[in-house]
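# Observations on the model geometry
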Amino acid sequence: MQAPFTTLSEFRDILGRAPQPDAAATQGAQDRNGQLTKPPGALGRLEDLAIWYAGWRGTDRPQISAPQVVIFAGNHGVCAQGVSAFPAEVTAQMVANFEHGGAAINQLSKAFGAKMQVHALSLDTPTADFTTAPAMTEAEVVTALQIGWMAVDPASDLLVTGEMGIGNTTSAAAVAAAVLGGQAADWTGRGTGVDDAGLARKTDVVAKALALHNMDDPLEALRCVGGRELAAMAGAIAAARHHRIPVILDGFICCAAAAVLAKTSDGALDHTVAGHQSAEAAHARLLHALGKEPLLNLGLRLGEGSGAALAIGVLKGAIACHSGMVTFAEAGVSAG
Ligand SMILES: O=C(O)c1ccc[n+]([C@@H]2O[C@H](COP(=O)([O-])O)[C@@H](O)[C@H]2O)c1
Ligand SMILES: Cc1cc2nc[nH]c2cc1C
């Protein structure tokens, strides 16, 4: 099997033909929700989540039995500008840690019953420093999108996309600014923990990139200032839509990649929810721009899909109640 696109233009066309939720399943889930043994609305957002999930899965009584967490790792030429608190070799070292089961996302995936895979994308060939040249060629960004697309297991019933990439909060800030507008300072934060001088340097780097590249087209922004792991996340989120698999978005970098899809095709993120609000300063702004209310806000700023993996528990709770509870009639409980 191969990804069904070989150019950015073909990828754009696929986004334009994305499937919609099943209206009958959505209606059926809404009707069922109204009959369950609870006061109307008493399960709050869990009720909306269950109905949304049912629509995408095409059944009014869905289950979550096969969640998938997929982590993409990439290296960034822009690290040469001194934009991270950590050296670039940490990306490959953390990939080894994921493979040996020692990272936070290994534990969270296990805790919430998700299968986890990691894909390292050409770590020995960082993207070009986007203060002087486009980060990727079209062939490189398409390859990363294809790897992301193919990483999604069509048999899974929930997807979390996570990332690892020293320097990628600078890339994500530049992507967000390019596709959503605003100033470099609006989107630039401390990432792994840069000091004030580091933050000023990062902001200058993002401003320089915005001045250098023509990024009117969001997919061109992904190519010019994105990274391989951002492109792979975008490809995976698009593939999940193709397979009607709901997606939980993670933090700042994941949402910047998702913003590229949203700005390329209206409604491209309708099959996604925001798992959490990261402590990265601009994530709140990014979520607002995407129209997404985060499920959790725990001060995480780790990446790796960690906040989204935690939110698998919230979604599983919503579906367990929706599909497992009995109705007033079945229980012989008097309706109000
Ligand atoms: O998910 C987030 O919101 C998030 C916020 C800050 C940092 N990170 C992680 O930290 C790394 C990027 O930070 P930096 O400072 O190197 O740009 C990368 O591996 C991300 O997974 C992730
Ligand atoms: C140690 C470490 C772990 C990470 N996981 C995701 N991003 C990360 C960045 C660092 C520096």
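Keep in mind it's a predicted model, so treat the numbers as computed, not measured. (Residues numbered from 1 in each chain as written. Chains lettered and ligands numbered in written order. Predicted model: local features only at pLDDT ≥ 70, side-chain atom pairs only at ≥ 80, totals over all residues.)

So, about the overall build of the protein chain. For the protein chain, the count of helices and strands is 15 helices and five strands. Its C-alpha atoms give the protein chain a radius of gyration of 20 Å, within 12% of the compact-globule value 20 Å for 336 residues. Seen through its C-alpha atoms, the protein chain measures out along the principal axes to roughly 70 × 40 × 40 Å. Residues counted as buried form 54% of the 336 residues belonging to the protein chain. Long-range pairs, those at least 24 residues apart, make up 80% of the contacts in the protein chain with a sequence separation of at least 6. (Helix = DSSP H or I, 4+ residues; strand = E, 2+ residues; numbered from the N terminus. Rg over C-alpha atoms; globule rule 2.2 N^0.38 Å. Buried ≥ 20, exposed ≤ 12 C-beta atoms within 10 Å, placed from the backbone. Contact = placed C-beta atoms within 7 Å.)

Counting 110 residues, the largest nonpolar core has Val175, Ala176, Ala234, Ala236, Ala256, Ala258 and Ala259 as the members making the most contacts within it. Considering every element that reaches this core, the biggest residue donor is helix α12 (residues 252-264), with eleven residues. If sequence neighbours within four positions are ignored, valine 175 has contacts with Ala221, Leu222, Val225, Gly226, Leu230, Ala256 and Val260. (Core = buried A, V, L, I, M, F, W, Y, C linked by C-beta atoms within 7 Å.)

Attention now moves to the site of ligand 2. Taken together, Phe86, Val90, Met94, Met164, Thr192, Leu302, Gly303 and Glu304 make up all the residues around ligand 2. Looking at the shell around ligand 2, its residues break down into five nonpolar, two polar and one charged. (Near = placed C-beta within 6 Å. Nonpolar A, V, L, I, M, F, W, Y, C, P; charged D, E, K, R; others polar.)

The full set close to ligand 1 counts 24 residues, and Ser84, Gly191, Gly251, Ser278 and Gly303 are the nearest of them. Of all the secondary-structure elements, those providing two or more residues to the shell around ligand 1 are β3 (158-164), α7 (168-180) and α12. At three residues, the largest contribution of residues to the shell around ligand 1 is made by α7. In terms of residue class, the shell around ligand 1 is made up of seven nonpolar, twelve polar and five charged.

What follows deals with the UniProt feature "active site" (unreviewed entry) in the protein chain. Those places that UniProt annotates as "active site" (unreviewed entry) correspond, in this numbering, to Glu304. Mapped onto the fold, glutamate 304 is located in the loop between α13 (283-290) and α14 (306-324). What makes glutamate 304 buried here is the crowd of 28 C-beta atoms within 10 Å. (UniProt positions renumbered as here; feature names shortened; annotations may be inferred.)

Strand order in the open sheet made by the five strands is β2-β1-β3-β4-β5, with parallel pairing throughout. Two strands close off the open sheet at either side, each with one partner strand: β2 (115-120) and β5 (272-274). Pairwise comparison of adjacent strand axes, ignoring direction, gives a mean angle of 25° for this sheet. Direction of pairing for β3 relative to strand β4 (residues 247-249): parallel, over a ladder of two bridges. Bridging from a neighbouring strand, valine 160 pairs with isoleucine 248 of β4. Of the strands in this sheet, β1 (67-73), β2 and β3 touch helix α4 (residues 89-100), which is tilted by about 150° from β2. Strand contacts of helix α11 (residues 228-242): β1, β2, β3, β4 and β5, with the helix running at about 175° to β3, the strand carrying the most contacts. (Pairing = 2+ DSSP bridges. Axes fitted to C-alpha atoms, helices over the stretch in contact; angles between N-to-C directions.)

Here the focus is the packing of helix α2 (residues 23-35) against helix α3 (residues 45-57). Contact geometry for α2 and α3: axes closest at 7 Å, N-to-C directions at 150°. By the angle class used here, α2 and α3 are roughly antiparallel. For the element pair α2 and α3, the recorded crossing hand is right-handed. Contacts between α2 and α3 involve Ala25, Thr26, Ala29, Gln30 and Asn33 on the former and, on the latter, Glu47, Ala50, Ile51, Ala54 and Gly55. Tallied by class, the residues present in the contact of α2 with α3 amount to five nonpolar, four polar and one charged. (Parallel < 35°, antiparallel > 145°, perpendicular 65-115°, else oblique. Left-handed = near helix turned anticlockwise from the far one by under 90°.)

Bringing the pairing of β1 into the picture now. Within β1, seven of the seven residues are buried, which leaves it mostly tucked inside the rest of the structure. With burial as the criterion, each face of β1 is covered, one bearing Pro67, Val69, Ile71 and Ala73 and the other bearing Gln68, Val70 and Phe72. The pairing of β1 with β3 spans seven bridges and is parallel. By the bridge assignment for β3, glutamine 68 is matched with leucine 159. Here β1 runs beside β2; their pairing, made up of six bridges, is parallel. Across the sheet, glutamine 68 pairs through a bridge with lysine 115, a residue of β2.

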